[in-house]
Amino acid sequence: MSEISPLRNAIRNGSGLKRIGGLWGEVLAEFLGTFVLICFGDGVVAMAVVALPGSGRTATDTTIFAAAGDWLLITWGWAFAVALGIYVAGGVTGAHLNPAVTLAFAVRRKFAWKKVLPYVGAQVAGAFAAAALLYLLYFNAIDAFNAAAKTGRSDPGGLTTFSIFATFPAQYFNGNLTIPLVDQIVGTAFLVLLIAAIVDMRNLAVQANLGPLMIGLAVAAIGMSFGANAGYAINPARDFGPRLFAWMAGWGDVALPGSVDGSFSWYFWVPIVGPLIGGVIGIVLYDWFIGDVLHARRVLAEQAEPGPGTPEVPESL
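On a predicted model such as this, the values are computed, not experimentally measured, just so you know.

### Digging into helix α3 (residues 23-54)
Okay, step 1: Look at α3: 44 Å from first C-alpha to last across 32 residues, which is about the 46 Å you get at 1.5 Å a residue.
Okay, step 2: Gly56 sits one or two positions beyond α3 and adopts a positive phi of about 85°.

### Describing the pattern of salt bridges
Okay, step 1: The full count for this structure, using the stated rule, is seven salt bridges.
Okay, step 2: Close ionic contact of Asp42 with Arg238 constitutes a salt bridge, the shortest N to O distance being 3.4 Å. With a gap of 196 residues between them, Asp42 in helix α3 and Arg238 in helix α10 (residues 236-251) connect regions that are remote in the sequence. Comparing Asp42 with Arg238 shows no difference in burial state: the two are buried.

### Quick word on the nonpolar core
Okay, step 1: Among the nonpolar cores identified, the biggest contains 68 residues, and Trp78, Phe162, Ile164, Phe165 and Trp251 are the most heavily contacted of them.
Okay, step 2: Residue contacts for Phe165: discarding those within four places in its chain leaves Asp42, Ala131, Tyr135, Ile142, Arg238, Pro242, Phe245, Ala246 and Trp251.

### Quick word on the confidence of the model for the protein chain
Okay, step 1: Averaged over every residue, the pLDDT of the protein chain is 92; the share at 70 or more is 90%.
Okay, step 2: Note on residues 313-317: pLDDT is under 50 here. Beyond four places in sequence and across chains, it has zero contacts.

### Re unusual backbone geometry
Okay, step 1: Cis rather than trans, the peptide bond between Leu256 and Pro257 has omega equal to 10°.
Okay, step 2: Within the fold, Pro257 resides in the loop between α10 and α11 (270-304).
Okay, step 3: Unlike most non-glycine residues, Lys110 shows phi in positive territory, near 60°.
Okay, step 4: Tracing the backbone through its elements, the reader meets Lys110 in the loop between α5 (99-108) and α6 (116-149).
Okay, step 5: Under the relative-accessibility criterion, Lys110 is labelled exposed at 82%.
Okay, step 6: Backbone geometry places Lys150, a non-glycine residue, at a positive phi of 55°.
Okay, step 7: In this structure Lys150 comes out as exposed when scored by relative accessible area, which is 75%.

### Here's the deal with a nonpolar patch on the surface
Okay, step 1: A cluster of nonpolar side chains, namely Phe40, Leu72, Trp76, Phe80, Leu84, Tyr87, Leu210, Leu213, Met214, Leu217 and Met224, defines an oily patch on the protein surface of about 960 Å² accessible area.
Okay, step 2: The dominant element in the nonpolar patch, judged by the number of residues it contributes, is helix α4 (residues 68-93), at five residues.

Each value, and the rule that gives it
- Residues numbered from 1 in each chain as written.
- Predicted model: local features only at pLDDT ≥ 70, side-chain atom pairs only at ≥ 80, totals over all residues.
- Heavy atoms only, no water.
- Helix = DSSP H or I, 4+ residues; strand = E, 2+ residues; numbered from the N terminus.
- Expected span 1.5 Å × (residues − 1).
- Salt bridge = Lys/Arg side-chain N within 4 Å of Asp/Glu carboxyl O.
- Buried < 20%, exposed > 50% of the residue type's maximum accessible area, 1.4 Å probe, protein only.
- Core = buried A, V, L, I, M, F, W, Y, C linked by side-chain atoms within 4.5 Å.
- Contact = heavy atoms within 4.5 Å.
- pLDDT = per-residue confidence, 0-100.
- Patch = residues over 30% accessible without salt bridge, like charges linked within 9 Å, V, L, I, M, F, W, Y side chains within 5 Å.
- Areas by Shrake-Rupley, 256 points an atom, 1.4 Å probe, with all protein chains shown as cover.

Rendered as structure tokens:
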């Protein structure tokens, strides 16, 4: 069997070499990396919400979040999902996998603005495709859970199974979206700040290719510390792609525009706008407080080094 794929063979013969080696190749990488991210991230939510209860492994067919362990299952699952997605796409694009990261890098890391929309489009498409695959794998468990709970997908009770795909605000906000928006800004600011710190070779750089794992742990930390407020989407593509699929799959207004009678209305924009704002804030904060300090120290160190042919002055003089 040949080890050369048809695509690689075409490239070897000069067909599409520049295309696949340029922006198109980057778009493919962002699509697949985000696809992997959502498959494992939303997949662990599906396990906790419908698969384990429906399989007879919990007390009842509708028993979920009986203890903090269920939340830890989800936060650790998302940590691994992020790490694996980055390992998949990192060699091609650095693995943004998140429009908030792409925008932040365009603002402060000289990422080409002309690539922003293609990257975002690939990320949303990858998230949508992953949601479709998860639905294929779990629609039996979803329907069994809804039947046991005596609710339909588009009913208020359908919010539980909708949570597999996208996020919503906690009940204690009573429909007010102000703090959920702030929550998404803060969570994503932390995410991008931590990413900037982890990948900054001037800082305490992660060794032995462990950067993706550390970024995954950063996502776990955000979920453990802030997740209950609004589900810690901290990624517009992660939320909107699966939300769009859920709307098409029958969750109706619960998915788009993100409304549940008596609970909240028109929520869909919060996990889009909040992370985009938060990502820019996070990268700016890192540069102001850490990046600029590291840069200044490097410049001072370079100035202090004697140049070629410059005689060193004895300290006694």
